[in-house]
Amino acid sequence: MSDDKAGGDSADHSVTGGVGGDAAQVRDVHGDIYFGGTRATDRPVPHQLPAGPLTLVGRATQLDLLDSWCETATPIIVSHPAPGAGKSALVVHWAARQATRFADGILYFDLRGTDPSGIARRTADVIRDVLRAFGDDLPQGDDAQLALYRSLLAAKSVLLVLDNARDGAQALPLLPPGTKSLAIVTSRSPLADLAAQGARALPFDVLNPGDAQTLLSVLVGQQRAMQEPEAFHRLVELSWGVPGVVGAIAGMATGPLAELAAKLSADPAVAQAPDPAARARAVAGWGRGQAPVPEWRERLSARRASWAENPRVLYAVAAAMCVSVALVSTGMFEAAGLLAGVYFLLRFALIAFGLAYVERGGPRAVLAGGALVGSTVYFGVDALVSIHSNARFLVWLELFAVAAFVVLATARYRPLRHLPRRLRWAPVESRLVALAVLGGVVAWFILLFVGVEFTGAYGYASTFTLIDTTGPLGGLLPFLVIGGLCVVVALTQLEHESHRLFAASAVTAYFAPEVLLLLGSLAFGDQFSYLGNGVGGAMPSVTWLTVAQAVVAVVLAGGTAVLVRTPPHR
């Protein structure tokens, strides 16, 4: 190649040798250079909208306003207190028509503000999902991610749909800066704090009678509406113009319309509902009550004694379980004194917390359900280990109390409103914590079977394993339940936050008191030794095994807590 000297540059830029492809010699660069392939910005444009409604009636005014308002970057609020009022349907229908208006894509997020679990999506999780949607690497820390999020949206033309917001505080940090992107937020709350920041509130209400009649006739069929006009108009009245109620009524109209109208009118909750929101909830509740009940469940409900539904019975069984555990563990109290007292008080407090909050709804109820599971697993282990070593009557009473508590609590409480229908494998990258948790589970299993040598009180050497001391049931129960939960957290993506909270609570409730007793027992020497899995008492100390059990407990509890705080990859 020839020499190239320009603009007084005295440096020698000559290049010799062969080149197998294109070559360029450049002095000053303003902008980007691309040698084949695709540009770094040629990434898939996200279009995340769910399927819109098949029929949208009576929203022409709102659609026209949205078309005119989208020319500015001022956030838009669509709010109404009634579930099923059609907020999401309107926004999704309108957003689907804006694919060409927003060149950098349309992002959609259900913020789960009215989720039955009471747990809304965290703002930080949404921010991470936006960054991933555009293929950006995630910096460390929520503040750095928020800064990158704002910089990214300020430079792009994006429509951000924030559906089902709990309140303005959840949506406010997500509003895109700049003049290119637009956010539209739906909620059952008025989002006054967003309006105070300058957001526009879209005029929105339930359908008028004419539009509700049109929608119901489309859904049930014009011919059926004409055949039973009185019942048809009564159903329109009962819908109160709420599109979701209209759809629910149409779905329940499998027989004569007059029969359905009569049944709904006879229900006091439906007929006397004071507003559209109450009417929507009443019709939904009535529909759930009409669902066919499996024969086995119907028989079980018919035979269930009234005392089994009384919460005082469950509280009495819980008290009997705690008292029996304390009575069986008198040897531990004698050997460890205050340490044993603190340990069991913590165990009993977790049970009390679970019973007090598991039915109150929201995140606290999920945490309470996990605390009940983790604590009950320990009580079951204690009963099984005690039976294996000394099957006296009091020990059997403990086991029966634990079994009765499990049956009654399972029948009464539902801390998780819905279970994951499918689990996805967690990504391999950046999963060092997951590997540590899996290693902790393996170590826990190995420690159950490792032979431990110690010298007894009379100088005789002896060998034992934890599985021999606890018995197979007592040793494997916590490993299968709590260890299995740790494996699920490490290997899969728990997308719903209620599942993540439940797993962390159950694992922590089981291991936190264990760590306290394991480490505290080291100060007692041979006076009191605790080896984990309910094995403890006045016996020769095996320090290495106690420390190993404590390390495993800390790794599993801490690692699980870290993993459930990590948002799921999508």
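It should be emphasised that the depicted structure is a prediction, and the values quoted were computed from it without experimental measurement.

Once that is clear, we can look at the overall build of the protein. Each helix and strand counted, the protein has 23 helices and 11 strands in total. In the protein, which comprises 570 residues, the share counted as buried stands at 42%. In the protein, of all internal contacts separated by at least 6 residues, the share reaching a separation of at least 24 is 71%. When the accessible area of the protein is evaluated, it comes to approximately 28,700 Å², of which 59% is carbon and sulfur surface.

When their charged atoms lie close together, side chains carrying opposite charge are able to pair. Scanning the entire structure with this criterion turns up 12 salt bridges. The salt bridge partner of D167 is R166, with a shortest N-O separation of 3.3 Å. Since its relative accessible area comes to 27%, D167 is described here as partly exposed. R166 gets classed as partly exposed once you look at its relative accessible area, which sits at 43%. We note a salt bridge from E237 to R234, for which the minimum N-O separation is 3.2 Å. Of this pair, E237 and R234 are both found in helix α9 (residues 229-239), three residues apart, which corresponds to roughly one turn of the helix. Look at E237 and you get exposed, because its relative accessible area is 51%. Among the ionic contacts, a cluster of salt bridges with common partners joins R122, D125, R128, D142 and R500.

What follows deals with the nonpolar core. Side chains of a nonpolar character, in soluble globular proteins, are inclined to be buried together. With 65 residues, the main nonpolar core has F405 and F511 as its most contacted residues. The residues contacting F405, other than those within four sequence positions of it, are L314, V317, A318, M321, I351, L355, L372 and T376. Formed by 28 residues, the second largest nonpolar core is a distinct cluster that contains L216, V220, L260 and V270.

Right, let's talk about the sheet that holds strand β4 (residues 182-187) for a bit. Here we have five strands laid out as an open sheet, ordered β2-β3-β4-β1-β5, and parallel in their pairing. The open sheet has two edge strands with one neighbour each: β2 (106-110) and β5 (200-201). Its contacts with the sheet place helix α2 (residues 87-96) against β1 (76-79), β2, β3 (159-165) and β4, and it is angled at close to 160° to β4.

In terms of burial, β3 is largely enclosed, as seven of its seven residues are buried. Here five bridges tie β2 to β3, and the two strands are oriented parallel to one another. From the neighbouring strand, Y108 faces β3, where its bridge partner is V161. Pairing geometry for β3 and β4, over five bridges, is parallel. Of the residues in β4, the one forming a bridge with A165 is S187.

Before going further, it helps to spend a moment on the side chain of S529. With respect to the secondary-structure elements, S529 resides in strand β10 (residues 529-532). Judged by relative accessible area, which is 2%, S529 ranks as buried. Residues in contact with S529, not counting those within four places in the same chain, are S521, V535, G536, G537, M539, P540, S541, V542 and T546.

On to the environment of A401. Relative to the assigned elements, A401 resides in helix α19 (residues 393-412). Among the residues examined, A401 registers a relative accessible area of 11% and is labelled buried. For A401 and S324, which are 77 residues apart along the polypeptide, the C-alpha to C-alpha distance reads 8.0 Å. Contacts of A401, omitting those with residues within four sequence positions, involve V317, A320, M321 and S324.

The subject of this paragraph is the confidence of the model for the protein. For the protein, per-residue confidence averages 83 on the pLDDT scale, and residues scoring 70 or more make up 84% of the total. Confidence drops under pLDDT 50 across residues 1-10; counting only partners more than four residues distant or on other chains, this segment forms nine contacts. Throughout residues 36-40 the model reports pLDDT below 50, and contacts reaching past four residues in sequence, or to other chains, amount to two contacts.

A few words on unusual backbone geometry. Of note, R112 is a non-glycine position whose phi angle comes to about 55°, a positive value. Here R112 shows up in the loop between β2 and α3 (123-133). Phi is positive for N164, which is not a glycine, with a value near 60°. Examined against the element boundaries, N164 turns out to sit in strand β3. A relative accessible area of 17% places N164 in the buried class.

Okay, the side chain of T465 next. Structurally, the position occupied by T465 is in the loop between β8 (461-464) and α21 (466-491). According to the relative accessible area criterion, T465 is buried, its value standing at 11%.

What follows deals with helix α23 (residues 543-565). Taking 1.5 Å per residue as the helical rise, α23 with its 23 residues ought to reach 33 Å, and the 33 Å between its terminal C-alpha atoms agrees with that figure. Buried residues of α23: L545, T546, Q549, A550, V552, A553, L556, A557, G559, T560, L563 and V564, and no others.

So, about α3. In terms of burial, α3 is a largely internal element, eight of the 11 residues being buried. Among all positions of α3, only T123, D125, V126, I127, R128, D129, V130 and L131 are buried. A positive phi of about 75° marks G135, the residue just after α3.

Here we come to the packing of helix α18 (residues 363-389) against α19. Contact pair α18 / α19: the axes reach a minimum separation of 9 Å and the direction vectors enclose 155°. Between α18 and α19, the angle is such that the two are roughly antiparallel. When the axes of α18 and α19 are compared, the crossing they make is left-handed. Together, L372, T376, F379, G380, D382, A383, L384, S386 and I387 of α18 and V395, W396, E398, L399, V402, F405 and V406 of α19 make up the contact between the two elements. When its residues are assigned to classes, the contact of α18 with α19 shows 11 nonpolar, three polar and two charged.

So, about the packing of helix α20 (residues 432-449) against α21. At a minimum axis distance of 9 Å, the contact between α20 and α21 shows a crossing angle of 170°. With respect to their mutual orientation, α20 and α21 come out roughly antiparallel. For the pair formed by α20 and α21, the contact residues are A434, V437, L438, V441, W444, F445, L447, L448 and F449 on the first element and L466, I467, G475, L476, P478, F479, I482, G483, C486, V487, A490 and L491 on the second. Partitioned by chemical class, the residues of the contact of α20 with α21 number 19 nonpolar, two polar and no charged.

Quick notes on the rules
Residues numbered from 1 in each chain as written. Predicted model: local features only at pLDDT ≥ 70, side-chain atom pairs only at ≥ 80, totals over all residues. Heavy atoms only, no water. Helix = DSSP H or I, 4+ residues; strand = E, 2+ residues; numbered from the N terminus. Buried < 20%, exposed > 50% of the residue type's maximum accessible area, 1.4 Å probe, protein only. Contact = heavy atoms within 4.5 Å. Areas by Shrake-Rupley, 256 points an atom, 1.4 Å probe, with all protein chains shown as cover. Salt bridge = Lys/Arg side-chain N within 4 Å of Asp/Glu carboxyl O. Core = buried A, V, L, I, M, F, W, Y, C linked by side-chain atoms within 4.5 Å. Pairing = 2+ DSSP bridges. Axes fitted to C-alpha atoms, helices over the stretch in contact; angles between N-to-C directions. pLDDT = per-residue confidence, 0-100. Expected span 1.5 Å × (residues − 1). Parallel < 35°, antiparallel > 145°, perpendicular 65-115°, else oblique. Left-handed = near helix turned anticlockwise from the far one by under 90°. Nonpolar A, V, L, I, M, F, W, Y, C, P; charged D, E, K, R; others polar.

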